[in-house]
Amino acid sequence: MRAIQLTGIDQMEMTERPDPKIEKDNQVLLRVASIGVCGSDVHYYETGKIGSQVVQYPFVVGHECSAFVEEIGSAVKHLKPGDRVTVDPASFCLECDQCKAGRFHTCRNLTFLGCPGQAEGCLTDFIVMPGRSCYKIPDAMTLDQGALLEPLSIGYYAVKLSEPKPGEKIAILGAGPIGLSVMVCARPLGAAKIYVTDIRAYRAELAAGHGADWAANPEKVDIVEEIRRMEPNGLDTVYECAGQQETIDQAMRMLKPGGKLMLIGIPRSDRISFPIDQARRREVRIQNVRRQNECVEDAMKLVAERQADVDFMITHHFMFEETQKAFDLVEHYEDAVVKAMIHIAG
Ligand SMILES: [Zn+2]
Ligand SMILES: [Zn+2]
């Protein structure tokens, strides 16, 4: 089969590899259909690492995909060859304390597609996954929407973890695919007022056109002052999706007493700080969000029932052979890119 592997900083190549095979009866063999390019894939491409996760070359990244079922192990009952599925990139053991507590996403033995040291990714013709990680998508859903369910379920999980109450006033700082996923899930989960900010004007505009009540570029507008003027009592929840010290500081100044700060963005530096006086006096609740846990079906339902529009996030399409072009585009935020989609089969 074909595989696109990273071979160095800003370098990749297409190679031939042996087709993977089902080795356990709970596994399925998948023909990959659409792949979304994630900021984390591009980060590995650009720098060779994320925190302590360092790429050993050559290495295949990619974890947001839809696929066709080619073959199923004898223990897989909910799928059949030909089914179209979305893939939860996580494989977990079901036996450790975390899995037993229902925290599959922090499984002690977790392997994640395209994560160095764990498993290679889905920028290939075929992958093998546990059947449990594959969810059949409805006939009316496109393969691109299927691939988008990966980031969308992260947005869904972030909102769910914040325990939203109907009528909440929220802000989302950073309008990349994850911030926009939070936005489109927050509305059906009860948000009444949604403020979105991004330093890239085109992303703030996109948010404003697809569900935000107000969106602005913090380099042009004093967003904290503006939001405080409109919401003098402060916000219920701020979803930090940029991973910047600056946005964390902004969030802290927007929240009401008892407000919630959800940390979703991945900071580039190893440490960040909080203005503890503000956080303490207002008893701000700070919650880290790690990917998602068991939210694929809920996110899928929102799309199937048209409660969440996601198509607008897909701004670019590429053939498999053009993968490097897609990565370069996303790396440099060119041509107003949000989500670049790579097409392998379908
Ligand atoms: Zn991703
Ligand atoms: Zn486990």
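Residues numbered from 1 in each chain as written. Chains lettered and ligands numbered in written order. Predicted model: local features only at pLDDT ≥ 70, side-chain atom pairs only at ≥ 80, totals over all residues. Heavy atoms only, no water.

**So, the domain arrangement of the protein**
Under the convention used in this document: How far each domain reaches was decided by an automatic or database domain assignment. Two residues qualify as a contact provided that any one of their heavy atoms is within 4.5 Å of a heavy atom in the partner residue. Note: buried area is the sum, over both parts, of the accessible area (probe 1.4 Å) each one loses when the two are combined. A carboxyl oxygen of Asp or Glu within 4 Å of a side-chain nitrogen of Lys or Arg is what we treat as a salt bridge.
For the protein, the domain assignment lists domain 1 (2-136 + 310-343) and domain 2 (153-288). Of the residues lining the interface, 12 residues belong to domain 1; the matching set on domain 2 comes to 13 residues. Taken over both partners, the interface formed by domain 1 and domain 2 buries close to 1,200 Å², and the fraction arising from carbon and sulfur atoms is 71%. The three residues of domain 1 that bury the most area against domain 2 are Phe312, Tyr333 and Val338, which together make up 49% of that side's buried surface. For the interface between domain 1 and domain 2, the tally reads 0 salt bridges.

**Some thoughts on the environment of Gly258**
Rule in force here: In this description a helix means any DSSP run of H or I spanning at least four residues, a strand means any run of E spanning at least two, and both kinds are numbered starting from the N terminus.
In this fold, Gly258 is placed in strand 16 (residues 255-263). Residues Gly258 and Val76, spaced 182 residues apart in sequence, show a C-alpha to C-alpha distance of 46 Å. Once you skip the residues sitting within four places of it in the chain, Gly258 turns out to touch Arg282 and Glu283.

**A word on the coordination of the zinc ion (ligand 2)**
The line we're drawing: Each metal's donors are the N, O and S atoms found within 2.8 Å of it, except that Na, K and Ca use a 3.2 Å limit; water is left out, so coordination can look incomplete. Only four donors with every angle between 85 and 135 degrees are called tetrahedral; only four or six donors with opposite donors over 155 degrees apart and all others between 65 and 115 are called square planar or octahedral, in that order; all others are irregular. Burial classification: accessible surface area is computed with a 1.4 Å probe over protein chains only, and a residue below 20% of its type maximum counts as buried, one above 50% as exposed, and the rest as partly exposed.
At this site the zinc ion (ligand 2) is bound by Cys93 (SG), Cys96 (SG), Cys99 (SG) and Cys107 (SG), with donor distances of 2.3 to 2.4 Å. One can describe the donor arrangement at the zinc ion (ligand 2) as tetrahedral, given that its 4 donor atoms subtend angles of 102 to 121° at the metal. Look at where the donors of the zinc ion (ligand 2) fall in the sequence and you get C-x2-C-x2-C-x7-C. Take Cys99 and Cys107: they sit in the same class, and that class is buried.

**Focus on the pairing of strand 2 (residues 11-16)**
The condition is simple: Whether two strands pair comes down to DSSP finding at least two bridges between them.
Pairing analysis gives 6 bridges linking strand 1 (residues 2-8) to strand 2, with the strands arranged antiparallel. Along strand 2, the bridge assignment pairs Ala3 with Thr15. Remark: 2 residues form the turn of the hairpin made by strand 1 and strand 2, two consecutive strands paired antiparallel; Asp10 in that turn has positive phi of roughly 55°.

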